[in-house]
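Observations on the model geometry
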Amino acid sequence: MTRIFFATSTILALVAGLLFPASSRAQGRPAWVTPPVVSPLVEYRQFDSALAGGPVSYHVYLPAAYAAQPERLFPVVYWLHGSGTPTEGIPTVAARFHQAIAEGRIPPLIVVFPNGLPYGMWCDAKSGLQPVESVLVHELVPQVDGAFRTFAERRGRVIDGFSMGGYGAARVGVRFSGMFAAFSMLGAGPLQLDLLEDRPGLQPIELRRRILDEVYGGDPTFFAAQSPSTLAGAFLASLQRQPPRIRQVIGTLDFTLQGNRDFHARLTQLGIAHEKIEVPGVGHVVPGLMEALGDRFWAYYRDAFRSLDPQGFASHDYSGNWYAPANSGWGLAIQSYGDQVLVLGFVYDGGDPTWFFLQERWSAPDVLQGAAWRRTNPGGWGTPQFTPADQRDALIGTLRLEFTARNALEMSGTVGGRPVRASLVRLE
């Protein structure tokens with residue numbers, strides 16, 4: 001939950017009135033439609049919800065590869081917002097994902113930003129007026145799979161969120177572990193079993209009482225039953241059958257730190273495998289967590305979606321023989337195995353061919369780049385004098401292979417001191 005401070009109870013009442021308009025509360029009409037957010041590659045969508053009784057809005061980030069590769073399927077991250085406003089963090093989070101994709105830290109993926117209402121808590125309200133969880137799971141996910149080219153299966157979905165959204169990601173991730181391959185919680189809260197407990201640094205008690213009334217029907221027992229800690233115990237058996245990849249990230253200056261430590265202890269007690277990361281010197285802010293963790297933050301998504309692409313970042317298996325139609329003096333033999341790729345190639349330009357090899361991991365989506373080596377042996381391959389121990393590898397250049405289609409690639413770099421640039425196709 002986003003930390004909010006108020007100078008007086010009068011100001012609190014005024015702000016709460018803006019967040020929960022009297023007419024909306026009286027008529028039972030939550031704010032299911034938000035204004036659109038203007039941000040690069042972010043689209044604004046609505047769908048008709050039977051559960052909400054009208055239109056529901058959401059935003060979606062589509063990577064540049066979505067338009068460039070019209071036959072490709074994409075994994076999806078469902079990003080649940082914190083309390084206060086459903087849209088404020090969308091530009092920042094979308095930009096961070098876009099940058100990570102551009103830098104090759106994660107494969108191209110879709111990020112969906114659902115509308116969970118300002119204080120919807122990502123669960124179904126006891127009153128029935130705010131079925132936030134059900135709208136998300138039973139309506140929005142099928143809507144996204146029908147509207148976009150997604151991997152419409154468990155291994156193609158991750159649910160993540162910050163603050164109230166981290167609380168929601170944990171709840172939904174545990175309850176619907178058969179739908180999401182992984183869930184991540186950043187600065188998650190409230191994780192305590194008593195929403196009204198007296199603990200330093202928590203949100204103002206007046207706001208917590210209002211949330212308890214609006215969402216949980218004023219019932220502390222109902223609130224405790226919705227807690228990720230409670231649900232983790234109830235759904236332990238299903239988690240063991242299909243364990244999701246669980247990540248918990250919390251800054252040491254975050255006011256939800258103790259609740260996160262308690263939840264970590266609860267998961268450990270239950271024997272539920274998870275990754276817990278405490279980030280020194282960071283408070284209740286998403287950019288701070290992302291920056292402090294660096295590539296470790298993005299490794300979570302790489303690992304979560306690994307089963308979609310055992311080759312690493314490659315969207316296809318590019319193994320095979322490749323040649324340049326415009327120049328028969330260029331050739332490659334490519335073999336993918338695991339997340340590594342072995343490239344054997346030659347460059348022939350009027351004299352003897354220059355043979356080389358490249359053994360690397362995928363460095364970015366559909367891009368392989370690294371050092372080119374020549375391997376020699378005094379006896380020569382296949383001769384009686386050949387001795388593997390006498391092999392010598394010499395660095396002779398660098399190469400970059402960008403696969404622009406399943407059967408086409410652009411090669412550039414230098415080999416044997418000569419510039420290399422060619423368009424190759426796969427021999428089929």
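Computed from a predicted structure; not experimentally measured.

**Focus on the overall build of the protein**
When you go through the protein residue by residue, the secondary structure sums to 13 helices and 16 strands. For the protein, buried positions account for 51% of its 428 residues. Within the protein, counting contacts between residues at least 6 apart in sequence, those at least 24 apart form 63% of the total.

**So, helix 12 (residues 286–293)**
Along helix 12, the residues that are buried comprise Val 286, Gly 288, Leu 289, Met 290 and Leu 293. Following helix 12 by one or two positions, Gly 294 has its phi on the positive side, about 60°.

**Notes on the pairing of strand 5 (residues 157–162)**
Strand 5 sits mainly inside the fold: six of its six residues count as buried. By the alternation rule, side chains of strand 5 split into Arg 157, Ile 159 and Gly 161 and Val 158, Asp 160 and Phe 162, which are all buried. Relative to strand 5, strand 3 (residues 76–80) is paired through five bridges, and the arrangement is parallel. Among the inter-strand pairings, Tyr 78 is bridged to a residue of strand 5, identified as Ile 159. Here strand 5 pairs with strand 6 (residues 182–186) via five bridges, running parallel. Directly across from Asp 160, in strand 6, lies its bridge partner Ser 184. Viewed along the sheet, the connection from strand 5 through helix 6 (residues 164–175) into strand 6 turns out right-handed.

**Considering the pattern of salt bridges**
Applying the stated criterion across every chain yields a total of 18 salt bridges. A single network of salt bridges, built from pairs that share partners, joins Glu 103, Arg 105, Asp 295 and Arg 302.

**Here we look at the nonpolar core**
Judged by nonpolar contacts, the single largest core of 55 residues is most densely connected at Tyr 78, Ile 110, Val 112, Leu 136, Ile 159 and Tyr 216. Here the element with the most residues in this core is helix 5 (residues 132–147); it accounts for seven residues. Formed by 35 residues, the second largest nonpolar core is a distinct cluster that contains Leu 186, Leu 289, Leu 293 and Phe 305.

**Some thoughts on helix 6**
Given a rise of 1.5 Å per residue, 12 residues ought to cover 16 Å, and the 16 Å separating the end C-alpha atoms of helix 6 matches this to within 8%. Buried residues of helix 6: Met 164, Gly 165, Gly 166, Tyr 167, Gly 168, Ala 169, Ala 170, Arg 171, Val 172, Gly 173 and Val 174, and no others.

**Points about the packing of aromatic side chains**
In this description, a pair of aromatic rings is defined by centroid distance and the angle of the planes. Tallying each qualifying case throughout the model produces 16 aromatic pairs. Ring centres 5.1 Å apart and planes at 80° place the aromatic pair Phe 97 and Trp 298 in the edge-to-face group. A residue pair is termed long-range when its members are at least 10 positions apart, and Phe 97 in helix 4 (residues 90–102) and Trp 298 in helix 13 (residues 295–304) qualify at 201 residues. Side by side, Phe 97 and Trp 298 carry an identical accessibility label, which is buried. Each ring, one from Tyr 318 and one from Phe 403, has its centre 4.0 Å from the other, and the planes form 15°; the classification is stacked. Linking Tyr 318 in the loop between helix 13 and strand 9 (320–324) with Phe 403 in strand 14 (residues 392–405), this pair joins segments that are 85 residues apart in sequence.

Rules of the game
- Residues numbered from 1 in each chain as written.
- Predicted model: local features only at pLDDT ≥ 70, side-chain atom pairs only at ≥ 80, totals over all residues.
- Heavy atoms only, no water.
- Helix = DSSP H or I, 4+ residues; strand = E, 2+ residues; numbered from the N terminus.
- Buried < 20%, exposed > 50% of the residue type's maximum accessible area, 1.4 Å probe, protein only.
- Contact = heavy atoms within 4.5 Å.
- Pairing = 2+ DSSP bridges.
- Right-handed = clockwise from strand over helix to strand, strands pointing away.
- Salt bridge = Lys/Arg side-chain N within 4 Å of Asp/Glu carboxyl O.
- Core = buried A, V, L, I, M, F, W, Y, C linked by side-chain atoms within 4.5 Å.
- Expected span 1.5 Å × (residues − 1).
- Phe/Tyr/Trp six-rings, centres within 6.5 Å; stacked < 30°, edge-to-face > 60°.

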